[in-house]
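So you can see what is in the structure, the chains are spelled out below.
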Amino acid sequence: MRGDGEQDTAAPAPAAPAATPAAQAAAPAPPGSGILGWVDALRGLLDRPLASYYLLLSSVGLLVFIGLVMVFSVTGVDNYAATGSPFGSVLKQTIFAVVGLVAFWVCQRLPVRTFRAVAAPLLIAAFVLMGFVDLMGWLSASRTPPGEKTQWIHLGPIWAEDLWLHLGGVQIQPAELAKVALVVWGADLLVRKGRTILSWRELFMPLLPVTVVLLLLVGYNDLGSMICLVVLFTGLLWAAGARLPVFGWLGGLVATGVLALILLPAEKDYRLARIKVFFDPSIDPNAEDGRYQYLRGLWAIGNGGWFGVGLGESQLKWGRLPNAHNDFIFAILAEELGVVGCLVVLVLFGMLTYTGLRIARRVEDPFRRLVAAAITIWFVGQAIINIGGVVGLMPITGLPLPFISDGGSALVVALGAAGMLSSAARAEPDCARAMHARPPRKWVRLLWAPLPPLPRARSESDGDVPSTRATGRPLVPDGSSRGRTRGRSS
């Protein structure tokens, strides 16, 4: 108010000029939009407590589903011509998938102390079965005249054939059991040794000798599985924090062993043929000995193009590509689904790799950490070896593609190992706290899996123990005697 009675009115503020279209286009995008918005949304999803668990379930489930579809596509015509029904192979593979899901369920429910208790019996069983298969194969080959088909020796309902052990109507591949046995036994031994694993003396008592003997037993009949075991064992040592010279010596031993297994056994001359074909495919004009598999696989991939010829429309699978349902199923997938289908499979394996290493980095229990790292490197290593052989980047080894190739033993063992990985994902500290904060109903826990153990309180002594290279966390949390963590349950 003014003193003369006049009311003092404030002048209105000038209106802001309207933004021109050019200024609107140049203005920065608000937060949460565009590529940055997608990145933030993805980061928010990955930060959720159960992200690792759901990523694992989705990637493994989709890979198994794609495998069943491709097995039906590859084998349907041959099964119909032989039996009148196209569902023979896919029905058998589906039964093995169900058995594998049971193995997944069991391995997800078992506590750590159970896996550590059965580690040594599993390893002994793998030694016995592999030794029996090798012995029976050698005796059968030595009794067969040169140039004739091998006459396998039968001990009643039990007999061995190359990589397979037949127990009546059941056919198993002991090399798959050897993978799980090495994971569990090696992780248990490394955790019990703790910081002493950094010394050569502890590596040779008895980790390296036992592993080398197992590799030789597996590699006599199955060089591809032996290479997969080497990759698995290397990942186990890497996660445990072994020194670099260890990997140099291990690489030298493996190269010497592989060279000996390629050159020495006369009845395994196909191994040397595969190496020659890899370096010079032009020496492969013969279609009778199966070495033309290399070129036929490349033809199938080239025939697929970007989007493929269509599901079920492959031409190379009609007797022109050996083992199209097994170790060369990726070539048929490339022909029928093209580059897009191959990228989907590669993305799923990449997601599985990321999830497994994420679990190994976050879980606190040292045994679970080493097992998670070893299983992840096993899956991704076997996939790289298989796909590398199909596309011509590596020699053919005969390894199946995990979760996708036709084969009951491989699928059951892989799903069981995925169950162990799932158990580790549920034991992540954030996941365990979230599940205890909002526990599922009792019938869900009864049918699926019990609640994971709550994370322990971290102590100051944790910083005194050397950490693993993969996770940056201590190998033995309490830094005490070797057997301290053996009895700890989870």
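Within an unreviewed UniProt entry, the label attached to the protein reads Probable peptidoglycan glycosyltransferase FtsW, and the organism entered is Dactylosporangium cerinum. Regarding the protein, the UniProt comment filed under Subcellular location (unreviewed entry) reads as follows: "Membrane". As recorded by UniProt, the Sequence similarities (unreviewed entry) comment attached to the protein reads in full: "Belongs to the SEDS family. FtsW subfamily."

Novice: What am I meant to see in the overall build of the protein here?
Specialist: Within the protein, the secondary structure is distributed over 17 helices and four strands. Counting all 490 residues of the protein, 45% fall into the buried class. Partitioning the contacts of the protein with sequence separation of at least 6, the portion at a separation of at least 24 is 70%. Accessible area for the protein stands at about 24,400 Å²; split by element, carbon and sulfur atoms hold 66% of it.

Novice: Looking at this structure, I do not really get the nonpolar core. What am I missing?
Specialist: In a soluble, globular protein the nonpolar side chains are often hidden away together inside. With 103 residues, the main nonpolar core has Leu 237, Ile 375, Trp 378 and Phe 403 as its most contacted residues. For Ile 375, the residues in contact, after removing those within four places along its chain, are Val 183, Ala 417, Met 420 and Leu 421. Core analysis: the next-biggest nonpolar cluster, separate from the first, contains five residues, Val 133, Met 136, Ala 160 and Leu 165 among them.

Novice: Would you take a moment to explain empty space enclosed by the protein for this structure?
Specialist: Empty space left among the atoms is revealed by rolling a probe the size of a water molecule over them. One pass over the full model with this rule turns up five cavities of 30 Å³ or more. Within this model, the largest cavity holds a volume of roughly 100 Å³. Surrounding the largest cavity, 14 residues form its lining, Gln 382, Leu 401, Pro 402, Phe 403 and Ala 410 being those nearest its centre. Mapped onto the lining of the largest cavity, the elements with two or more residues apiece are helix H7 (174-193), helix H14 (366-391) and helix H15 (408-426). Looking at side-chain class alone, the lining of the largest cavity contains ten nonpolar, two polar and two charged residues. The volume enclosed by the second largest cavity comes to roughly 80 Å³. Forming the walls of the second largest cavity are Leu 110, Val 112, Phe 115, Phe 367, Arg 368, Val 371, Ala 372, Met 420, Leu 421, Ser 423 and Ala 424. If you list the elements that add at least two residues to the lining of the second largest cavity, you get helix H5 (112-117), H14 and H15.

Novice: How should the packing of helix H3 (residues 51-83) against helix H4 (residues 88-109) be read in this particular structure?
Specialist: When two helices pack together, their arrangement is given by the angle between the helix axes and the distance between those axes. Put simply, H3 and H4 touch, their axes get as near as 8 Å, and they point 160° apart. On the basis of their axis angle, the class for H3 and H4 is roughly antiparallel. Viewed along their axes, H3 and H4 form a crossing whose handedness is right-handed. Listed contacts from H4 to Tyr 53, Leu 57, Val 64, Leu 68, Val 71, Phe 72, Thr 75 and Asn 79 of H3 are Gly 88, Ser 89, Val 90, Gln 93, Thr 94, Ala 97, Phe 104 and Gln 108.

Novice: It is not clear to me how the UniProt feature "transmembrane region" (unreviewed entry) in the protein should be interpreted in this structure. Could you clarify?
Specialist: Within the UniProt annotation, "transmembrane region" (unreviewed entry) is assigned to residues 53-75, 87-106, 118-139, 246-266, 328-349, 370-396 and 408-425. Between the C-alpha atoms that bound residues 53-75 there is a distance of 33 Å. The span itself is 100% helix and 0% strand.

Novice: When you look at unusual backbone geometry in this model, what are you seeing that I'm missing?
Specialist: The backbone of Asn 323 sits at a positive phi, close to 55°, despite the residue not being glycine. Residue placement: Asn 323 occurs in the loop between helix H12 (293-304) and helix H13 (329-362). In this structure, Phe 403 takes a positive phi of about 70° despite not being glycine. As for its position among the elements, Phe 403 is in the loop between H14 and H15.

Novice: I tried to follow the packing of aromatic side chains on my own but got confused; where do I start?
Specialist: Between two aromatic rings, the relevant description is the distance of the centres plus the angle of the planes. Counted by the stated rule, this structure contains five aromatic pairs. For the pair Phe 72 and Phe 87, a centre-to-centre distance of 5.4 Å together with 10° between the ring planes defines the contact as stacked. Pair noted here: Phe 72 is in helix H3 and Phe 87 is in the loop between H3 and H4, with a separation of 15 residues, a long-range link. Between Phe 379 and Phe 403, the ring centres sit 5.1 Å apart and the planes meet at 65°, which makes this aromatic pair edge-to-face. Residue Phe 379 is found in helix H14, and its partner Phe 403 is found in the loop between H14 and H15; the two are separated by 24 residues along the sequence. A residue is classified by how much of its surface remains accessible, and Phe 379, at 2% relative accessible area, is buried. What makes Phe 403 buried here is its relative accessible area of 4%. Within the aromatic cluster, the residues linked to one another by ring pairs are Trp 378, Phe 379 and Phe 403. The ring centre of Tyr 53 lies 5.5 Å from the NZ or CZ of Arg 426, which sits over that ring.

Parameters and conventions
- Residue positions within a chain follow its written sequence, with the count starting from 1.
- Local features in a predicted model are, by the rule used here, given only for residues with pLDDT of at least 70; side-chain atom pairs are given and counted only at 80 or more, and totals for whole chains, interfaces and linings are based on all residues.
- With hydrogens and water excluded, all non-hydrogen atoms of the structure serve as input to the side-chain values.
- UniProt positions are given in the numbering used here, feature names are shortened, and annotations may be inferred rather than shown by experiment.
- Secondary structure elements follow DSSP: runs of H or I no shorter than four residues count as helices, runs of E no shorter than two count as strands, and numbering proceeds from the N terminus.
- Each residue is placed in one exposure class: buried if its accessible area under a 1.4 Å probe, protein chains only, is under 20% of its type's maximum, exposed if it is over 50%, and partly exposed if it falls in between.
- Whether two residues touch is decided by their heavy atoms; if any such pair falls within 4.5 Å, the residues are in contact.
- With residues, only the protein chains shown are counted as cover, and all accessible areas are computed by Shrake-Rupley using a 1.4 Å probe.
- Working definition of a nonpolar core: buried Ala, Val, Leu, Ile, Met, Phe, Trp, Tyr and Cys residues. They are joined through side-chain atoms within 4.5 Å.
- Cavity means a closed set of points on a 1 Å grid over the protein atoms alone, one where a 1.4 Å probe fits but cannot get out, pocket means an open set with protein on both sides within 12 Å along at least 5 of 7 lines, and lining means a residue has an atom within 4 Å of a point.
- Grid points are joined across faces, edges and corners, and a volume is the space filled by probe spheres set on the points.
- Here the nonpolar group is Ala, Val, Leu, Ile, Met, Phe, Trp, Tyr, Cys and Pro; Asp, Glu, Lys and Arg are the charged ones; every other residue, Gly included, is treated as polar.
- With axes taken as lines fitted to C-alpha atoms, and helix axes fitted only over the stretch in contact, angles between N-to-C directions fall between 0 and 180 degrees.
- These descriptions rest on fixed angle ranges, namely under 35 degrees for roughly parallel, over 145 for roughly antiparallel, 65 to 115 for roughly perpendicular, and the rest for oblique.
- Take the far helix as the reference: if the near one is turned anticlockwise from it by less than a right angle, the crossing is left-handed, and if turned clockwise, right-handed.
- Pairing of aromatic rings covers Phe, Tyr and Trp, the last counted by its six-membered ring, and requires centre-to-centre distances within 6.5 Å; plane angles under 30 degrees mean stacked, over 60 mean edge-to-face, and any other angle means tilted.
- Here, a charge over a ring is recorded when the distance from Lys NZ or Arg CZ to the ring centre is within 6 Å and its angle to the ring normal is within 35 degrees.

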